[in-house]
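Report on the structure
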Amino acid sequence: MDSLTHVLMGHAMGALATAVSPEAGPAVYWAALLGNSLPDVDVPLSFLLRRGIQLHRTYTHTLVGAAALSAASAGLLAAAFPGAGAGPLFFWTLLGSLAHLAVDGLNLFGVRPFWPVSRRIVELGVLHITDPWLLLLLGLPAVGAKAGWLSARWVGAAFLAMWLYVAQRHRTARRLLHELLQAGSLRARVVPWFSGWRYVAETAHSVEFGRWAGGRRVALETFARQDDPRIAATLADPRVSQFLREAEYPVALVQEGEVVWIDALRRLRADFRPLRVPVRAEA
């Protein structure tokens, strides 16, 4: 999710923490707030290492990474707030970090929480990284908690409403996927887009990218399957073989002097780069 979503969730969880653990004082507020943003420390680290955002949602977005970061942060907070106790600080920092992983698992690209035991991706694909309704659900308790007029019960109700919204989005995604398959698609993916939906659908002859508007499907791009010798020539390239192993909806586009391979789904990621393979005209 975007940083604002994590900050708002951390702020609301911080208000809940201070209500549940008043004896720990303001330290647990900071623990919950910090925990909700801790896993995204991989973003500046990736830029410092000149890796773009390739490290994002890798090691720090795992259960092991969340526990390690939470332990280190709780230690620092315990030093800053000696009377708070390391136990509650670790609990709320870890809870915030796990909440971060949970909401990141709700959008298209998911997380690998069980690394290094498993590289399996947990990816529900029901929320865009910036969902306006989710921001509203999290923003109201965050603002209210700051003003001092929201009880812990009210904040808890806001979190319940958030998960009910997620459940409703999940049901909608399943219905839209069923519609795509019923319409003749061999396979398809429903893609959350802010509070709406887009899709990628594959048929025997093309890959279509589109959206829903007013309850109707609207095709935005259609990539026809091409029987071109220049595309066939690129299949011997090891880079293409690797690309095809990783891509979900690979598409080859023939351009002047090159074949450009894209993934009709994964190109929505900010770090996606097409694979450009030079070819000779007579290939």
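Bear in mind the structure is a predicted one, so any value in this text is a computation, not a measurement.

The number of helices and strands found in the protein chain is nine helices and seven strands. Structurally, the protein chain occupies a C-alpha span of about 75 × 45 × 30 Å along its principal axes. The buried share of the protein chain, reckoned over its 283 residues, is 45%. By sequence separation, contacts in the protein chain at least 24 residues apart represent 51% of the contacts at least 6 residues apart. Only carbon and sulfur atoms are counted for the fraction: they give 63% of the accessible area of the protein chain, which is about 14600 Å². Each charge class in the protein chain can be summarised by its mean position, and for the 28 positive and 21 negative side chains these summaries are 4 Å apart.

One pass over the structure, following the stated rule, counts 13 salt bridges. The partner of Arg217 in a salt bridge is Glu208, and the shortest N-O contact between them spans 3.0 Å. On the accessibility criterion, Arg217 (35% relative accessible area) is partly exposed. Glu208 sits in the buried class, given a relative accessible area of 18%.

Side chains of Leu63, Leu98, Phe114 and Val122 sit close together on the surface and give an oily, nonpolar patch of about 300 Å² of accessible area. In this fold, Val122 is placed in the loop between helix H5 (86–104) and helix H6 (132–147). Classification of Val122 by relative accessible area gives partly exposed; the value is 31%.

Further remarks concern the nonpolar core. The nonpolar side chains of soluble globular proteins are, as a tendency, buried together. If you look at the biggest cluster of nonpolar residues, it comprises 39 residues, and the most contacted ones within it are Met9, Leu89, Leu127 and Phe159. Breaking this core down by element, the ones donating at least two residues are helix H1 (3–20), helix H2 (27–37), helix H4 (63–80), H5, H6, helix H7 (152–182), strand S1 (187–193) and strand S2 (196–202). Counting 24 residues, the second-largest nonpolar core is a separate cluster that includes Val191, Val259, Ile262 and Leu265.

Cis geometry marks the peptide bond from Trp115 to Pro116; its omega dihedral reads 5°. In this structure, Pro116 sits in the loop between H5 and H6. A positive phi is found at Arg57, a non-glycine position, where the angle reads about 60°. Considering the arrangement of structural elements, one finds Arg57 in the loop between helix H3 (42–48) and H4.

As a further point, take the sheet that holds strand S5 (residues 250–255). One open sheet holds the three strands; their spatial order is S5-S6-S7, and the pairing between them is antiparallel. For this open sheet the edge positions go to S5 and strand S7 (275–278), each flanked by a neighbour on one side alone. Each strand of the sheet is rotated relative to its neighbour by a mean of 20°, with strand direction disregarded. Relative to strand S6 (residues 258–263), S5 runs antiparallel, the two sharing six bridges. Of the residues in S6, the one forming a bridge with Pro250 is Asp263.

As a packed pair, H4 and H5 sit with axes 8 Å apart at the nearest point and diverge in direction by 140°. On the basis of the axis angle, H4 is oblique to H5. Crossing angle aside, the handedness with which H4 passes H5 is right-handed. Here Leu63, Ala66, Ala67, Ser70, Ala71, Ser73, Ala74, Leu77 and Ala78 of H4 come into contact with H5, specifically with Ala86, Leu89, Phe90, Thr93, Leu94, Ser97, Leu98 and Leu101.

It is worth spelling out the sheet that holds S1 at this point. Across the sheet, which stays open at both edges, the four strands sit in the order S1-S2-S3-S4 with antiparallel pairing between neighbours. Edge strands, defined here as strands with exactly one partner in the open sheet, are S1 and strand S4 (216–224). The average undirected angle you get between the axes of adjacent strands in this sheet is 20°.

The buried fraction of H2 is high, at eight of eleven residues. Where H2 is buried, its residues contact H1, H4 and H5.

Cut-off values and rules
Residues numbered from 1 in each chain as written. Predicted model: local features only at pLDDT ≥ 70, side-chain atom pairs only at ≥ 80, totals over all residues. Heavy atoms only, no water. Helix = DSSP H or I, 4+ residues; strand = E, 2+ residues; numbered from the N terminus. Buried < 20%, exposed > 50% of the residue type's maximum accessible area, 1.4 Å probe, protein only. Contact = heavy atoms within 4.5 Å. Areas by Shrake-Rupley, 256 points an atom, 1.4 Å probe, with all protein chains shown as cover. Lys, Arg positive; Asp, Glu negative; His and termini not counted. Charge placed at Lys NZ, Arg CZ, Asp CG, Glu CD. Salt bridge = Lys/Arg side-chain N within 4 Å of Asp/Glu carboxyl O. Patch = residues over 30% accessible without salt bridge, like charges linked within 9 Å, V, L, I, M, F, W, Y side chains within 5 Å. Core = buried A, V, L, I, M, F, W, Y, C linked by side-chain atoms within 4.5 Å. Pairing = 2+ DSSP bridges. Axes fitted to C-alpha atoms, helices over the stretch in contact; angles between N-to-C directions. Parallel < 35°, antiparallel > 145°, perpendicular 65-115°, else oblique. Left-handed = near helix turned anticlockwise from the far one by under 90°.

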